[in-house]
Amino acid sequence: MILYKIFYIILFLIFISCENQRHKNEGSCVSCVDFLKKVSKENIGLFFNTYIVPRGTNSDGSPTISIIQITTPSDTTFTFPIGEQLIITDDLSEEHRTDILKYANSKGINDWQSAHNYVLKFTTELQRLYYKLNLLEVHSFPHLGEFVEFKISKEDLIIFCPDTSKVFSKKWKSFFKYAEKYGSDFYYKKVSKN
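Calculation notes
Every residue gets a number counted from 1 within its own chain, in the order that chain's sequence is written. Whole-chain, interface and lining totals are the exception, using all residues; otherwise, since this is a predicted model, local features are given only for residues with pLDDT of at least 70 and side-chain atom pairs are given and counted only at 80 or more. In computing side-chain values, all of the structure's heavy atoms are included and hydrogens and water are not. Type-normalised accessible area, obtained with a 1.4 Å probe on protein chains alone, sets the label of each residue: buried when under 20%, exposed when over 50%, and partly exposed for intermediate values. The secondary structure listing takes helices from DSSP runs of H or I that are at least 4 residues long and strands from runs of E that are at least 2 residues long, numbered from the N terminus. At least two DSSP bridges between two strands are required for those strands to pair. Residue types Ala, Val, Leu, Ile, Met, Phe, Trp, Tyr and Cys, when buried and joined through side-chain atoms within 4.5 Å, form a set referred to as a nonpolar core. In what follows, a contact means two residues having at least one pair of non-hydrogen atoms within 4.5 Å. In this analysis, axes come from line fits to C-alpha atoms, helices being fitted only over the stretch in contact, and the angle between any two N-to-C directions falls in the range 0 to 180 degrees. What sets the label is the angle itself: under 35 degrees gives roughly parallel, over 145 gives roughly antiparallel, 65 to 115 gives roughly perpendicular, and the rest give oblique. Only Asp, Glu, Lys and Arg are considered charged in this grouping, and only Ala, Val, Leu, Ile, Met, Phe, Trp, Tyr, Cys and Pro are considered nonpolar; every other residue, Gly among them, is considered polar.

Colleague: Account for the pairing of strand 5 (residues 148–151), with residues named and values stated.
Modeller: Two faces, one strand: in a regular strand the side chains alternate between the faces of the sheet. Residues Val148 and Phe150 line one face of strand 5 and the alternating positions Glu149 and Lys151 line the opposite face, and both faces are buried. Pairing analysis gives three bridges linking strand 4 (residues 137–139) to strand 5, with the strands arranged antiparallel. Residue pairing for strand 5: Val138 is matched across the bridge by Phe150. Connecting strand 5 to the antiparallel partner strand 6 (residues 156–160) that follows it, the hairpin turn spans four residues.

Put into structure tokens, the structure is as follows:
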């Protein structure tokens, strides 16, 4: 009789554990579905090779981003201020001016005004998409492969990877092989707690 009670208690605990896990997964799916409803592939391609991490919050509680970094496949990193810091050219540091010119040169733009306008338009669009998608962070490093990590909550990442054959990191190749997939190009990852 005691054996049966122990058996039913264990069975009950397993059932509760499975139900809790199912609800956790459903919650994650809700975040993912909300994100995927807002995103369009044409726009998120702009995030390839970008790194955006907020520094503080705005008065409305949204994250404050003050710089955007772009890393080229040849491992050159360019840092751009955003917003008013980029609009008012007199306030730009020499380092930012140099990055703007070098980045624009890599796109075939050689004069300062055109370079400035190009980077301003590009960073403004990245910033607009960042806030539209309610992102917390964006990571995309060309040395790891052609994919973008979008941190959509403290616990959830959505990774955009249209072609897993363009992933170079063994760790990430393994991840994409077994990861939970949404649609054809998106993957879900739970953020590990350190």
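Colleague: An account of the nonpolar core is requested, with residue identities and associated values reported.
Modeller: Across soluble globular proteins, nonpolar side chains have a tendency to be buried as a group. Core analysis: the biggest nonpolar cluster contains 36 residues, and Phe35, Ile44, Phe47, Leu135, Val138, Phe150 and Phe186 have the highest contact counts within it. Among the elements of the structure, helix 1 (2–38), strand 2 (67–71), strand 3 (77–81), helix 4 (94–106), helix 5 (112–132), strand 5, strand 6 and strand 8 (186–190) are those that each provide at least two residues to this core. The element best represented in this core is helix 5, accounting for six residues. When near neighbours in sequence (up to four residues on either side) are disregarded, Leu135 contacts Phe35, Phe47, Pro63, Tyr130, Phe150, Lys151 and Ile152. Of all hydrophobic cores here, the second largest spans eleven residues; its members include Ile159, Cys161, Val167 and Tyr187.

Colleague: Any chance you could break down the packing of helix 4 against helix 5 for me, citing the residues and the numbers?
Modeller: Two numbers describe how helix 4 lies on helix 5: the axes approach to 9 Å, and their chain directions differ by 90°. When the interaxial angle is binned, helix 4 and helix 5 end up roughly perpendicular. For the pair helix 4 and helix 5, contact is made by Arg97, Ile100, Leu101, Tyr103 and Ala104 and by Trp112, Ala115, His116, Tyr118, Val119 and Phe122, respectively. When its residues are assigned to classes, the contact of helix 4 with helix 5 shows nine nonpolar, one polar and one charged.

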